[in-house]
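Letter by letter, the chains look like this.
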Number of protein chains: 2
Amino acid sequence: MISVVILGSGNVATHLTRAFLKANAIDVVQVYSRNLKNIDYLKKRTSITDDLENLKDADVYIISITDDAIDEFSKRFDVEGKIVVHTSGSVSMNALKGNYDKGVFYPLQTFTKDTKVKFKKIPICIESSTKKGLILLEKLASSISKSVFTIDSKQREKLHLSAVFVNNFANHLYQIGNEICEQNNVPFEVLYPLIKETAKKVTRLSPKEIQTGPAKRNDVKVMEKQLSQLSDHQKEIYKLLSASILKTHK
Amino acid sequence: MISVVILGSGNVATHLTRAFLKANAIDVVQVYSRNLKNIDYLKKRTSITDDLENLKDADVYIISITDDAIDEFSKRFDVEGKIVVHTSGSVSMNALKGNYDKGVFYPLQTFTKDTKVKFKKIPICIESSTKKGLILLEKLASSISKSVFTIDSKQREKLHLSAVFVNNFANHLYQIGNEICEQNNVPFEVLYPLIKETAKKVTRLSPKEIQTGPAKRNDVKVMEKQLSQLSDHQKEIYKLLSASILKTHK
C-alpha cells in the first residue's frame, strides 16, 4: 500500500485524486487546498486541509499546482525522508526546494475538469532523484496507468515542446478549419471523421510517410486557387506550412 | 437495386468498389481501368474492362480518377439519360462534360490503399444537376454510409480547403513533433494518446473553446524558452502559430 497526500485542486489534481481513490493499492490519506471549498466534496472519502502545518504522514506528496508557484510552494513544508513530486510537464525536477527526495509525476494528457478521463491509457512520465524514489513512483504510476515512462527533466522539456505542436498548434488549425466552414455555411462536423482518422493514422505510420495534399505534391495550381479563398491571416499560415511541407518532402 | 459502373482503380475507387460489392442494395455491374491488371483481382466478382466502348448499362457511372483527368475523361463516353458522378473533393460538378445527368459522390476521408476502411462512418458529400439524380445518389450513399450530406460545388471547395488545415497541415505538425522527439531521444509514442484526445475533443467542444498552451495564456517566458530550443525552420512555424493563437484569443 502506498500512501499519498495530494496538494492542489486544479484539473490535474482533481483527476489524479479521483484515480488514486479508485486504485486498490493506493491510500489517499489527505488532500490539501488553499481554499477548502474546492475540496469539500472529498471530505467523506479522505482527510482535507488548508493548513500545510497539519500535513499527514505519507510515502509520496504530490504537488499539483500552477507551474510558476511550484518553486516557492515546495519550500513550505517539511517532510524529510519522504518523496515530493510535482506533476508539471515544463518544470524541472530541481524546482523542488526542500529537504526530501524529489521526483516528477507527469501525466501527459489534456485535462478538462468536467470530462471523465481513463487513466489506464494515459502515459505517466516519472523521474526521481533517488533509485528508491523511482521504484516507488513506478509502482504508484502503474496503479493507475498501463503506460509508464521514465523520462528525465531534459527529455520532458522536449516532450512538452513537441506537445505544443501536436496539441496546441494542431487544435489551432482545427479552429481555422472550423472558421472556414462557418464563413461558408458548411457543417464542420463533416470533417470530424477525417480529423480523428488523421490523428489515429500517425499511431500506425510515421507522419512523414502519410503526408498528403497539394503542398506535398507541389501542386501550384491548387495552392494558388486555395490561397485566393483565404483571409490574409489564414493565407500566411497556409503559405508557411505549405513551404515547410514542400521543404520536408523535396 | 441500383446498378453502378466504377471507372478507376486508385485508392478511392478501390475502397468504393469493395464497399459497393458488400452492399446488398447495390449491383456493381462493371469496373473499368486503363490498366486491366489493376482490377484483375475483381474478375470473379464483376465484369472488368479497359475499353470505354464496351461499358455496360447502369444507373450510375462513378468516375474515380485523378482530379486533372476528370474533364477530358468525362467526354469520352456516351451514357445519355444516366447519371455520371466524380468522387473528387476539389473539382466542380461542371467539370463533367457529356450528355448525361451530372453529380458528385465525394467520400470525405483520407484513404490508404492497404488500410481497411469502415464506410459506415465516412461522410459522403453528394450533389446532382437533377432532382432525380440527387435522390438516386442519396440512396446510393446511404447504402454504404450513415453520414450523407448534400453539399454543392462551392461548399465542397471550402470543405476541401478546410481539410487542408485539419488534415494535411495538422499531420505536418505531427511530423515536426516527431522530429523534435527523435532529435532528443524521446519516444514519440508517449504523445499518441494526447494526439488522439485532441482530435476527439473537437467533436464535442469547439476548437476555440478548448485551446490551451503558452500562446493562449500569452506566457512570454515559456514561449521564449521554447523558441530557443527550436531549429530556425521550426521557430518560424512556432512564432506564426503562436501569434495567430494570441490574436484569436485576445
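Residues numbered from 1 in each chain as written. Chains lettered and ligands numbered in written order. Predicted model: local features only at pLDDT ≥ 70, side-chain atom pairs only at ≥ 80, totals over all residues. Heavy atoms only, no water.

1. Considering the packing of aromatic side chains
Alright, step 1. Using the criterion set out here, one finds 18 aromatic pairs over all chains in the structure.
Alright, step 2. Relative to Phe77 of chain A, the ring of Phe73 of chain A lies with its centre 5.7 Å away and its plane at 65 degrees, an arrangement referred to as edge-to-face. Of the two residues examined, Phe73 of chain A and Phe77 of chain A, each falls in the buried class.
Alright, step 3. Between the aromatic rings of Phe188 of chain B and Tyr192 of chain B, the centroid separation amounts to 5.8 Å while the plane-to-plane angle is 90 degrees, which identifies the pairing as edge-to-face.
Alright, step 4. Through successive ring pairs, a cluster of aromatic residues spans Tyr32, Tyr61, Phe73, Phe77 and Tyr100 of chain A. (Phe/Tyr/Trp six-rings, centres within 6.5 Å; stacked < 30°, edge-to-face > 60°. Buried < 20%, exposed > 50% of the residue type's maximum accessible area, 1.4 Å probe, protein only.)

2. Some details on the pattern of salt bridges
Alright, step 1. If you walk through the whole model with that rule in mind, you get 18 salt bridges over all chains.
Alright, step 2. Between Lys43 of chain A and Asp40 of chain A there is a salt bridge, with the nearest N and O atoms lying 3.2 Å from each other.
Alright, step 3. Judged by its relative accessible area of 52%, Lys43 of chain A is exposed.
Alright, step 4. Judged by its relative accessible area of 37%, Asp40 of chain A is partly exposed.
Alright, step 5. For Arg156 of chain B, the salt bridge goes to Glu127 of chain B, with nearest N and O atoms at 2.9 Å. With a gap of 29 residues between them, Arg156 of chain B in helix H4 (residues 153–183) and Glu127 of chain B in strand E7 (residues 124–128) connect regions that are remote in the sequence.
Alright, step 6. Using a relative accessible area of 1% as the deciding quantity, one classes Arg156 of chain B as buried.
Alright, step 7. By sharing partners, the salt bridges in this structure join Asp71, Glu72, Lys75 and Lys97 of chain A into a single network. (Salt bridge = Lys/Arg side-chain N within 4 Å of Asp/Glu carboxyl O. Helix = DSSP H or I, 4+ residues; strand = E, 2+ residues; numbered from the N terminus.)

3. Here's the deal with the interface of chain A and chain B
Alright, step 1. Taken together, the 85 residues of chain A in the interface contact 85 residues of chain B.
Alright, step 2. Between chain A and chain B, roughly 8,100 Å² of surface is buried when both sides are summed, and carbon and sulfur atoms account for 67% of that area.
Alright, step 3. The tally of links from chain A across to chain B stands at two salt bridges.
Alright, step 4. We note a salt bridge from Lys225 of chain B to Glu157 of chain A, for which the minimum N-O separation is 3.3 Å.
Alright, step 5. Where chain A meets chain B, there are 29 residue pairs in polar contact (both at pLDDT 80 or more).
Alright, step 6. Within the residue set of the side of chain A that touches chain B, elements represented by two or more residues are helix H4 (153–183), helix H5 (192–201), helix H7 (220–227) and helix H8 (232–249) of chain A.
Alright, step 7. Per-element tally for the side of chain A that touches chain B: the top contributor is H4 of chain A, with 25 residues.
Alright, step 8. Tallied by class, residues from the side of chain A that touches chain B come to 39 nonpolar, 31 polar and 15 charged. (Contact = heavy atoms within 4.5 Å. Buried area = accessible area lost by both parts, 1.4 Å probe. Polar contact = N/O pair within 3.5 Å; in protein donor to acceptor, adjacent residues only side chain to side chain. Nonpolar A, V, L, I, M, F, W, Y, C, P; charged D, E, K, R; others polar.)

4. A short note on the domain arrangement of chain A
Residues and elements named next belong to chain A.
Alright, step 1. As far as domains go, chain A holds domain 1 (2–151) and domain 2 (156–249).
Alright, step 2. Each of domain 1 and domain 2 has a C-alpha centre, and the two are 36 Å apart.
Alright, step 3. Contact with domain 1, which involves 14 residues of that partner, is made by five residues of domain 2.
Alright, step 4. Between domain 1 and domain 2, the buried area comes to about 660 Å², and carbon and sulfur atoms account for 59% of it.
Alright, step 5. Three residues stand out in domain 1 for area buried against domain 2, namely Gly89, Tyr106 and Ile151, and they jointly supply 47% of the buried area on that side.
Alright, step 6. Counting every contact that joins domain 1 to domain 2 gives one salt bridge.
Alright, step 7. Inspection of the region where domain 1 meets domain 2 yields four residue pairs in polar contact (both at pLDDT 80 or more).
Alright, step 8. Those elements that provide at least two residues to the side of domain 1 that touches domain 2 are strand E6 (101–107) and strand E7 (124–128).
Alright, step 9. Looking at the side of domain 1 that touches domain 2 residue by residue, the classes come out as seven nonpolar, six polar and one charged. (Domains from an automatic or database assignment.)

5. Considerations on the environment of Val85 of chain A
All names here are of chain A.
Alright, step 1. With respect to the helices and strands, Val85 occurs in strand E5 (residues 83–86).
Alright, step 2. The class for Val85 is buried, based on a relative accessible area of 0%.
Alright, step 3. Separated by 79 residues in sequence, Val85 and Ile6 place their C-alpha atoms 9.9 Å apart.
Alright, step 4. Leave out the neighbours within four places in its chain, and Val85 touches Val60, Tyr61, Ile62, Ile63, Leu96, Gly103, Val104, Phe105 and Leu137.

6. Remarks on the confidence of the model for chain A
Alright, step 1. The predicted model of chain A has a mean per-residue pLDDT of 95, with 100% of residues at 70 or higher.
Alright, step 2. As scored by the predictor, the complex reaches a pTM of 0.89 and an ipTM of 0.90. (pLDDT = per-residue confidence, 0-100.)

7. Some details on the sheet that holds strand E5 (residues 83–86) of chain B
Residues and elements named next belong to chain B.
Alright, step 1. Strand order across the open sheet formed by eight strands is E3-E2-E1-E4-E5-E6-E7-E8, with mixed pairing between neighbours. The sheet is open, and its two borders are formed by strand E3 (47–49) and strand E8 (148–150), each paired with just one other strand. For this sheet, the mean angle separating the axes of adjacent strands, direction not counted, is 25 degrees.
Alright, step 2. Where strand E6 (residues 101–107) meets E7, five bridges bridge the pair, whose relative direction is antiparallel. Within E7, the position partnered with Gly103 by the bridge is Ser128.
Alright, step 3. Helix-sheet contacts for helix H3 (residues 131–142) involve strand E1 (2–7), strand E2 (26–32), strand E4 (60–63), E5, E6, E7 and E8, and the interaxial angle to E7 is about 160 degrees. (Pairing = 2+ DSSP bridges. Axes fitted to C-alpha atoms, helices over the stretch in contact; angles between N-to-C directions.)

8. Overview of the pairing of E5 of chain A
Residues and elements named next belong to chain A.
Alright, step 1. Of the two faces of E5, the one holding Ile83 and Val85 and the one holding Val84 and His86 are both buried throughout.
Alright, step 2. Of the pairings in the sheet, the one linking strand E4 (residues 60–63) to E5 comprises four bridges and is parallel in character. Counterpart to Ile62 in the pairing with E5 is Val85.
Alright, step 3. Note that E5 and E6 share four bridges and pair parallel. By the bridge assignment, Ile83 is partnered in E6 with Asp101.

9. Structural notes on helix H1 (residues 11–22) of chain A
Alright, step 1. With twelve residues, H1 of chain A ought to run about 16 Å at 1.5 Å a step, and its terminal C-alpha atoms sit 17 Å apart, in line with that.
Alright, step 2. Tucked inside the fold, the buried residues of H1 of chain A contact strand E1 (2–7), strand E2 (26–32), E4, E6 and helix H3 (131–142) of chain A. (Expected span 1.5 Å × (residues − 1).)

10. Structural notes on the relation of the copies chain A and chain B
Alright, step 1. Note on the identical chains: chain A maps onto chain B by a rotation of 180 degrees and an axial translation of 0.0 Å, with an RMSD of 0.0 Å. Here the symmetry operator amounts to a two-fold rotation axis. Residue Ala170 of chain A of chain A places its C-alpha closer to the rotation axis than any other residue of that unit, at 2.6 Å.
Alright, step 2. A shared binding surface is used by both copies, with 100% of the interface residues of chain A retained as interface residues in chain B. (Least-squares fit on C-alpha atoms with pLDDT ≥ 70 in both.)

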